[in-house]
Amino acid sequence: MPTQRAFAGVMVLVGEPFGPFGTMMPVGHTAVYLDRVCADGPLKLRLCEPGEPQGVVIARYHRVGKIDWIASPVMEFLYASERAEDIPTFVTQDLAWERRQRYRRQYLSEMVPDGTEKDKQTDEWWESAGVAFNRRVWGYGLETSREQDERFVATMNARPNVHAYAVRKRNCANFAADMVNLYFPGTVEVDKWADFGLMTPKQVARSVAAYGEAHPEAGLRVVEVPQIPGTLRRSRPVRGTAEAGLKTKRYLVTLLMIQPEVVAGCAIAYLKHGRWKVGDGAVVAEPELFQGSMQSAAVGGAGVAGGRGALR
């Protein structure tokens with residue numbers, strides 16, 4: 001039976017919002033997973049070697065010194081572990097910090113040396129490891145060719161990796177959109193109605209899904225990475241900008257009292273453009289999928305077969 005990779009070449013990862021900032025801005029976080037590309041240190045990329053455990057996640061951060069994006073091995077990014085068997089089944093705040101500290105010392109010690117891990121200018125480094133401790137993550141992926149991956153790696157390595165974050169025009173979703181558009185030009189554009197011109201994680205995922213539905217040959221994959229059980233608070237649903245205005249109580253109540261016309265505008269924008277739901281049709285992705293070599297996984301019929309690459 002012919003075989004193919006059980007996962008996508010490029011996948012947008014949309015993390016659900018959590019914590020105080022997630023309550024204030026319930027749009028979530030976006031990163032990009034590449035299964036044939038590996039991290040050459042935290043600031044450079046390279047193609048993975050044959051048989052090498054596959055994958056890197058790159059994402060833009062607001063405060064990690066003077067850099068723009070970090071490249072994290074996919075298992076470390078999701079679980080702060082190198083092997084599936086080492087992933088904790090129950091996470092506490094202390095355990096999460098311990099695992100992230102180990103990751104920092106191993107991968108980020110030059111950028112965030114001991115004693116600086118809580119400094120304001122670098123204190124977002126921990127969001128590049130153990131994401132599934134705090135968030136449920138949704139993935140929207142498309143197949144790529146090796147030639148596309150080679151061009152992507154060359155392009156990213158040639159660009160200056162210097163701080164660029166700005167909430168309106170250069171946020172994490174803008175970065176993910178740019179990464180997708182390097183592979184598939186023009187795929188992701190801002191929704192001027194439902195998001196009032198702000199690029200959001202939901203819009204990036206929606207655009208990838210729309211491209212995959214319009215191009216069946218792209219092999220659209222939609223997966224869910226569950227949040228690991230523990231004492232950390234559960235993450236909340238991903239929302240667009242207009243949707244957040246309608247479904248976030250603190251905003252809705254205040255706006256109804258002082259500017260009800262804004263609520264009406266949000267309702268119109270949401271009903272016309274924003275009702276797409278993140279996660280529809282997703283299949284749960286087990287950790288072994290990210291740890292194993294993608295070339296060894298097989299797809300047969302309508303399901304996924306082949307040991308370590310299986311989706312369950």
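Structural data are supplied above this passage.
Residues numbered from 1 in each chain as written. Predicted model: local features only at pLDDT ≥ 70, side-chain atom pairs only at ≥ 80, totals over all residues. Heavy atoms only, no water.

### What about the overall build of the protein?
The helix and strand inventory of the protein stands at eleven helices and eleven strands. A burial count over the protein gives 52% of its 312 residues as buried. Summarising the internal contacts of the protein: among those between residues at least 6 apart in sequence, 71% fall at separations of at least 24. Within the structure as shown, the protein displays about 14,400 Å² of accessible surface, and the carbon and sulfur contribution to it stands at 56%. (Helix = DSSP H or I, 4+ residues; strand = E, 2+ residues; numbered from the N terminus. Buried < 20%, exposed > 50% of the residue type's maximum accessible area, 1.4 Å probe, protein only. Contact = heavy atoms within 4.5 Å. Areas by Shrake-Rupley, 256 points an atom, 1.4 Å probe, with all protein chains shown as cover.)

### Some points on the side chain of His 29
For His 29, the location among the structural elements is in strand S2 (residues 29–34). Setting aside its immediate chain neighbours within four residues, His 29 contacts Leu 13, Val 14, Gly 15, Ala 59, Arg 60, Tyr 61, Arg 135, Cys 172 and Pro 201.

### Observations concerning the state of the cysteines
Joining two cysteines, a disulfide is a covalent bond between their sulfur atoms. By the definition in use, this model includes one disulfide. The side chain of Cys 38 participates in a disulfide bridge whose partner is Cys 48; the two sulfur atoms lie 2.0 Å from each other. Residues Cys 38 and Cys 48 share a disulfide whose torsion about the S-S bond is about 105°; that sign makes it right-handed. Here Cys 38 is found in strand S3 (residues 37–39), whereas its partner Cys 48 is found in the loop between strand S4 (45–47) and strand S5 (56–60), with ten residues between them in sequence. Across the pair, exposure class does not vary: Cys 38 and Cys 48 are buried alike. (Disulfide = S-S within 2.5 Å.)

### Considerations on the sheet that holds strand S6 (residues 69–73)
Ordered by their spatial adjacency, seven strands build an open sheet running S6-S5-S2-S1-S7-S8-S9, and the pairing between neighbours is mixed. One side of each edge strand has no neighbouring strand; the edge strands of this open sheet are S6 and strand S9 (283–284). As defined by bridge partners, strand S1 (residues 10–15) adjoins S2 across six bridges and the pair is classed as antiparallel. Paired with Gly 15 across the two strands is His 29, which belongs to S2. Each of S1, S2, S5 and S6 touches helix H6 (residues 172–183); the most contacted strand, S2, lies at about 30° to it. (Pairing = 2+ DSSP bridges. Axes fitted to C-alpha atoms, helices over the stretch in contact; angles between N-to-C directions.)

### Quick notes on the pattern of salt bridges
Applying the stated criterion across every chain, the model contains 14 salt bridges. With a closest N to O distance of 3.0 Å, Glu 16 and Arg 136 form a salt bridge. Here Glu 16 is found in the loop between S1 and helix H1 (19–24), whereas its partner Arg 136 is found in the loop between helix H4 (131–134) and strand S7 (137–142), with 120 residues between them in sequence. Given a relative accessible area of 29%, Arg 136 falls into the partly exposed group. When the shortest N-O distance is used, the salt bridge between Glu 85 and Arg 83 registers 3.5 Å. What you see here is one network of salt bridges that share partners, running through Arg 104, Arg 105, Asp 114 and Glu 117. (Salt bridge = Lys/Arg side-chain N within 4 Å of Asp/Glu carboxyl O.)

### Focus on the packing of helix H5 (residues 146–158) against H6
Where H5 contacts H6, the two axes come as close as 9 Å, and the packing angle between them is 135°. The orientation of H5 with respect to H6, classified from their angle, is oblique. Where H5 crosses over H6, the handedness of that crossing is right-handed. Of the residues in H6, those touching H5 at Gln 148, Asp 149, Phe 152, Thr 155 and Met 156 are Phe 175, Met 179, Leu 182 and Tyr 183. Grouping the amino acids of the contact of H5 with H6 by side-chain chemistry returns six nonpolar, two polar and one charged. (Parallel < 35°, antiparallel > 145°, perpendicular 65-115°, else oblique. Left-handed = near helix turned anticlockwise from the far one by under 90°. Nonpolar A, V, L, I, M, F, W, Y, C, P; charged D, E, K, R; others polar.)

### As for helix H3 (residues 93–107)
In an α-helix there are 3.6 residues to a turn, and that puts residues three or four apart on one side. Compared with the 21 Å implied by 1.5 Å per residue over 15 residues, the 21 Å span of H3 between its first and last C-alpha is a close match. Within the sequence span of H3, burial applies to Ala 96, Arg 99, Arg 100, Gln 101, Tyr 103 and Arg 104. In this structure, the buried residues of H3 make contact with S6, helix H2 (74–79) and H4. (Expected span 1.5 Å × (residues − 1).)

### With respect to the pairing of S1
Counted residue by residue, S1 has six buried out of six residues, so it is predominantly covered. By the alternation rule, side chains of S1 split into Val 10, Val 12 and Val 14 and Met 11, Leu 13 and Gly 15, which are all buried. Across six bridges, S1 lies against S7 in antiparallel orientation. Of the residues in S7, the one forming a bridge with Gly 15 is Val 137.

Everything listed here is a matter of geometry and, on its own, says nothing about what the molecule does.
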